[in-house]
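One letter stands for each residue in the lines below.
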Amino acid sequence: MKPDENIHVFDEEQSIRVIKDMIEVSRKKLQNDGILFIIWGWTMFINYFFLNYLTSILVTSQQVMSIVRPLRILLPLFAIGFTIYYITKERKKVKTYIGISLRYIWVSMFFCMVFINLIQFNVLQKINFELQHPIFMILIAFAITISGVVIRYKMIIIGGILFAILGLTASYFLLISQMLIEAIAWFVAFVIPGHMLYAQRKEKNNV
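Each chain carries its own residue numbering, running from 1 in the written order of its sequence. At least 70 in pLDDT is required for a residue's local features to be given in this predicted model, at least 80 for side-chain atom pairs to be given and counted, and no such filter applies to totals for whole chains, interfaces and linings, which use all residues. Calculation of side-chain values draws on the structure's entire complement of heavy atoms; hydrogens and water are dropped beforehand.

J.: Is there a simple way to think about the overall build of the protein in this case?
T.: Strands are runs of DSSP state E lasting at least two residues, helices are runs of H or I lasting at least four, and both sets are numbered from the N terminus onward. Along the protein, the regular secondary structure elements total seven helices and zero strands. In the protein, the succession of helices and strands from N to C terminus is α-α-α-α-α-α-α. Burial classification: accessible surface area is computed with a 1.4 Å probe over protein chains only, and a residue below 20% of its type maximum counts as buried, one above 50% as exposed, and the rest as partly exposed. In the protein, buried positions account for 34% of the 207 residues. Every residue pair with non-hydrogen atoms within 4.5 Å of one another is taken to be in contact. Sequence-distant contacts, at least 24 apart, represent 74% of the contacts inside the protein between residues at least 6 apart. By element, 70% of the accessible surface of the protein is carried by carbon and sulfur atoms, the whole surface being about 13,000 Å². Every accessible area reported is derived by Shrake-Rupley at a probe size of 1.4 Å, with residue values counting cover from the shown protein chains alone.

Shown next as structure tokens:
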């Protein structure tokens, strides 16, 4: 083998090793970020199941609704605030190209949601929530699945696929039932993987 061929093989092997190391670092960081899955999973599950679905099918007093309505806004705001605090805190630690890329995927997804609502309003002169919820679920499912594929994490990929299937399922139902289906989706794709990731992190820290 010629010297330049040796260099080419070495560069190829070195590049693959660097990519694998980056994926492993990002995977370990995702285990730390499992807390975000837990926070968002429980926040949205409580929001859709207890504060939206149950209050829609049960007879609730005006006093109860006066508490429920602010909570529908305050809970997501809490999750957003915690996420900003967590990301700001973690920025001082290990950064990877993959980790930054994942962050842009989720930020892009958020802006896509905003633009979808703007398009709906421009075309329909209103927001059709029965259409909005399934579309938003598909966008979230896409972000989850891509995140799982990028870091080669099968559990996250499965969660994204299930989220997409539930998003399609939701499109066949009225808004009230969509709330229940979306609550299940958040629990399956965020709460369960989040607790599993967090548990794996604690196990490794104890070893």
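J.: Help me understand the packing of helix α5 (residues 129-150) against helix α6 (residues 154-170), please; the structure alone is not making it clear to me.
T.: Each packed pair of helices is defined by two parameters, the angle between the axes and the distance between the axes. Angular values range over 0 to 180 degrees, each being the angle between N-to-C directions of two axes fitted as lines to C-alpha atoms, with helices fitted over their stretch in contact. Viewed as axis vectors pointing N to C, α5 and α6 meet at an angle of 165°, and their least axial separation amounts to 7 Å. Overall, the two elements α5 and α6 adopt an arrangement that is roughly antiparallel. Pair α5 / α6 crosses with left-handed handedness. Of the residues in α6, those in contact with Pro 134, Met 137, Ile 138, Ile 140, Ala 141, Ile 144, Thr 145, Gly 148 and Val 149 of α5 are Ile 156, Ile 157, Gly 159, Gly 160, Ile 161, Phe 163, Ala 164, Leu 166, Gly 167, Leu 168 and Ala 170. Reported orientations rely on four angle classes, namely roughly parallel under 35 degrees, roughly antiparallel over 145, roughly perpendicular from 65 to 115, and oblique for the rest. Note: crossing handedness is left-handed where the near helix turns anticlockwise from the far helix by less than a right angle, and right-handed where it turns clockwise.

J.: Even after reading the chapter, I still don't get α6, so can you show me in this structure?
T.: Quick reminder: α-helices carry 3.6 residues per turn. Residues three or four places apart thus point the same way. To estimate how far a helix should reach, multiply one less than its number of residues by 1.5 Å. Helix length check: α6 (17 residues) gives 24 Å between terminal C-alpha atoms against 24 Å at 1.5 Å per residue, within 8%. Those residues of α6 that sit buried are Met 155, Ile 156, Gly 159, Gly 160, Phe 163, Leu 166, Gly 167 and Ala 170. Seen end-on, α6 carries its buried residues on one side only, within an arc spanning 135°. Arc definition: it is the arc formed by the directions from the helix axis to the C-beta atoms.

J.: Would you mind going over the environment of Phe 45 with me for this structure?
T.: Mapped onto the elements, Phe 45 comes out in helix α2 (residues 34-57). Using a relative accessible area of 15% as the deciding quantity, one classes Phe 45 as buried. Remark: the alpha-carbon pair of Phe 45 and Ala 185, spanning 140 residues in sequence, is separated by 8.3 Å. Once residues within four sequence positions are removed from consideration, Phe 45 is found in contact with Phe 50, Ala 183, Trp 186 and Phe 187.

J.: Where do I start with the side chain of Glu 182 in this structure?
T.: Structurally, Glu 182 is set in helix α7 (residues 175-206). No salt bridge is formed by the buried Glu 182; its nearest oppositely charged neighbour, Arg 72, is found at 13 Å. Leave out the neighbours within four places in its chain, and Glu 182 touches Tyr 48, His 133 and Met 137. Only four residue types enter the charge count: Lys and Arg as positive, Asp and Glu as negative, with His and the chain ends excluded. Between Lys or Arg on one side and Asp or Glu on the other, a salt bridge is scored when a side-chain nitrogen of the former is within 4 Å of a carboxyl oxygen of the latter.

J.: Help me understand the confidence of the model for the protein, please; the structure alone is not making it clear to me.
T.: Every residue gets a pLDDT, meaning the predictor's confidence in that residue, from 0 to 100. The predicted model of the protein averages 84 in pLDDT, with 77% of residues at 70 or higher. Highest mean pLDDT in the protein belongs to α6 (95); lowest belongs to helix α1 (residues 3-32) (57).

J.: Any chance you could explain the packing of aromatic side chains here in plain terms?
T.: Two aromatic rings are characterised by how far apart their centres lie and by the angle between their planes. Pairing of aromatic side chains here covers Phe, Tyr and the six-membered ring of Trp, requires ring centres within 6.5 Å, and sorts the geometry by plane angle: under 30 degrees stacked, over 60 edge-to-face, intermediate tilted. Within the structure shown, the criterion is met by 16 aromatic pairs. Between Phe 45 and Phe 49, the ring centres sit 5.5 Å apart and the planes meet at 10°, which makes this aromatic pair stacked. Linking Phe 45 with Phe 49, this pair stays in helix α2, spanning four residues, or about one helical turn.

J.: How should the side chain of Thr 55 be read in this particular structure?
T.: Along the chain, Thr 55 turns up in helix α2. Here the side chain of Thr 55 touches Leu 51 through a polar contact of 2.8 Å, landing on its backbone oxygen. Side-chain atoms alone can form a polar contact between residues adjacent in sequence; in general such a contact is a pair of N or O atoms within 3.5 Å, and within protein one must be able to donate a hydrogen while the other accepts it.

J.: Looking at this structure, how should I read the nonpolar core?
T.: Across soluble globular proteins, nonpolar side chains show a tendency to be buried alongside one another. Put simply, buried Ala, Val, Leu, Ile, Met, Phe, Trp, Tyr and Cys residues joined by side-chain atoms within 4.5 Å make one nonpolar core. The biggest cluster of nonpolar side chains holds 30 residues, and the ones touching the most others in it are Ile 140, Ile 144, Phe 163, Trp 186 and Phe 190. Beyond its immediate chain neighbours, meaning those up to four positions away, Phe 163 contacts Met 137, Ile 140, Ala 141, Ile 144, Ala 185, Trp 186, Ala 189 and Phe 190. Ranked by size, the runner-up nonpolar core spans five residues in total, among them Ile 35, Ile 39, Ala 79 and Tyr 86.

J.: Looking at this model, I keep getting lost on a nonpolar patch on the surface. Mind explaining?
T.: Only residues above 30% relative accessible area that lack a salt bridge enter a patch, with like-charged residues linked at up to 9 Å and the nonpolar side chains Val, Leu, Ile, Met, Phe, Trp and Tyr linked at up to 5 Å. On the surface, Val 107, Phe 110, Phe 111, Val 114, Phe 115, Leu 118, Ile 119, Val 123, Leu 124 and Leu 131 cluster together to form a nonpolar patch covering roughly 930 Å² of accessible area. Among the secondary structure elements, Phe 110 is positioned in helix α4 (residues 97-124).

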